[in-house]
Amino acid sequence: MILLIQYLFKYFLFEQFDIQVALDDLHFFLLAISTCFIAIAGYIVNDMHDVKADIINKPEKLFVDKKITRMMAQNLFIGFNAIGLITGMYLSYHVGNTNFFIIYLLTSLLLYQYAKYLKKNILVGNIIVSSVVLFCILMVAVFDVGPATNNYNFESQKSVFGIFLVIGVFGFLLTFLREIVKDIEDIEGDKAIQAKSFPIVLGIDKTNTILISVTVFFVASLAYLSYFVFDKSLYLSMYLLLLVCLPLLYFIFKLTKASSKKDYHQLSGLLKIIMLLGMLSIMLV
């Protein structure tokens, strides 16, 4: 997903808008792969701290202590994280602003703190994971578009920043929804590690109400974009309405019927498909 969205920006959006960029193909590849490496490290450290819960939630998908040793997992975490951070430091130097490295460092620290402490706290963990997805999307704007922007091309360059923001918020909200759905799916394991997720603290019915409310707001926002912002592009408007809004309404319908772990697992998969469809809309922008 990270590679797809970043390359869609680079080779569909930027070329159509004739955007000036700071990274050539090789350095953009380094940006994409380093972002992925930080994400991979985040997944690994999360699995390391989730063994007790995963034994209950998804024993068939348990890797740490079952398919690989904890020491091997730790070495993989350190390796992927180090390569991602070093590459991020190099790219920050390459584009002429070493302060950009803070984004890499902050993302890495957030993922580590999430896995070790913050995921057990209601709302905090959900927001952190959603924010990391937002960071991954905005990385392209920061490293590729920002350094190539100046007083002479500012007006043409800024046209693409609004699209970055829309896609970023789209990714944030969908990830937020999916994280809460996964909390319901994994409620038994989370109870075992004394986590304070939405379904544990508020109950499943109230959590479903939150999910429906956020989704309704999301659909209304997309409908507004389709009719008033992208009104000159019939294909894009129809795409958003038929392939993003309708599936989200179907998500609400299925959510009202959900009662089992399997139901919520399917809803989580549906949100992942909707995220993919939303990202592909860039080709129509």
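Scroll up a little and you will see the structure.
The residue numbering used here restarts from 1 in each chain and proceeds along that chain's sequence as written. At least 70 in pLDDT is required for a residue's local features to be given in this predicted model, at least 80 for side-chain atom pairs to be given and counted, and no such filter applies to totals for whole chains, interfaces and linings, which use all residues. Values shown for side chains rest on all heavy atoms present in the structure; no hydrogens or waters enter the calculation.

The term disulfide is used for any two cysteine sulfur atoms that are within 2.5 Å. The tally for this structure, following the rule as stated, stands at 0 disulfides. Lacking any disulfide linkage, Cys136 is separated from the closest cysteine sulfur, that of Cys36, by 7.7 Å.

Moving on, we come to the environment of Cys136. Here Cys136 lies in helix 6 (residues 124–145). Here the term buried applies to any residue with accessible area under 20% of the maximum for its type, exposed to any over 50%, and partly exposed to those in between, with areas from a 1.4 Å probe on protein chains only. Taking relative accessible area as the criterion, Cys136 reaches 7% and is therefore assigned buried. When the C-alpha positions of Cys136 and Ile38 are compared, they lie 9.9 Å apart, and in sequence the two are 98 residues distant. Segments assigned H or I by DSSP are reported as helices when at least four residues long, segments assigned E as strands when at least two residues long, and all are numbered from the N terminus.

Formed by 63 residues in total, the largest nonpolar core has its most connected members in Phe9, Phe14, Tyr104, Phe143, Phe164, Leu174 and Leu248. Here the element with the most residues in this core is helix 7 (residues 154–185); it accounts for 12 residues. The contact definition used throughout considers only heavy atoms, calling two residues in contact when any of these lie within 4.5 Å. Beyond its immediate chain neighbours, meaning those up to four positions away, Phe143 contacts Ala22, Leu23, Leu31, Gly88, Leu91, Ser92, Val95, Phe100 and Tyr104. The set of buried Ala, Val, Leu, Ile, Met, Phe, Trp, Tyr and Cys residues whose side-chain atoms join them within 4.5 Å is what this entry labels a nonpolar core. Formed by 10 residues, the second largest nonpolar core is a distinct cluster that contains Ala41, Val45, Leu62 and Val64.

This part takes up helix 10 (residues 204–229). An expected span of 1.5 Å times one less than the residue number is assigned to each helix. Taking 1.5 Å of rise per residue, 26 residues should cover 38 Å, and helix 10 covers 36 Å from first to last C-alpha, within 8% of that figure. For helix 10, the full list of buried residues reads Thr207, Asn208, Leu211, Val214, Thr215, Phe218, Val219, Leu222, Leu225 and Ser226. In this structure, the buried residues of helix 10 make contact with helix 7, helix 9 (198–202), helix 11 (234–257) and helix 12 (261–280).

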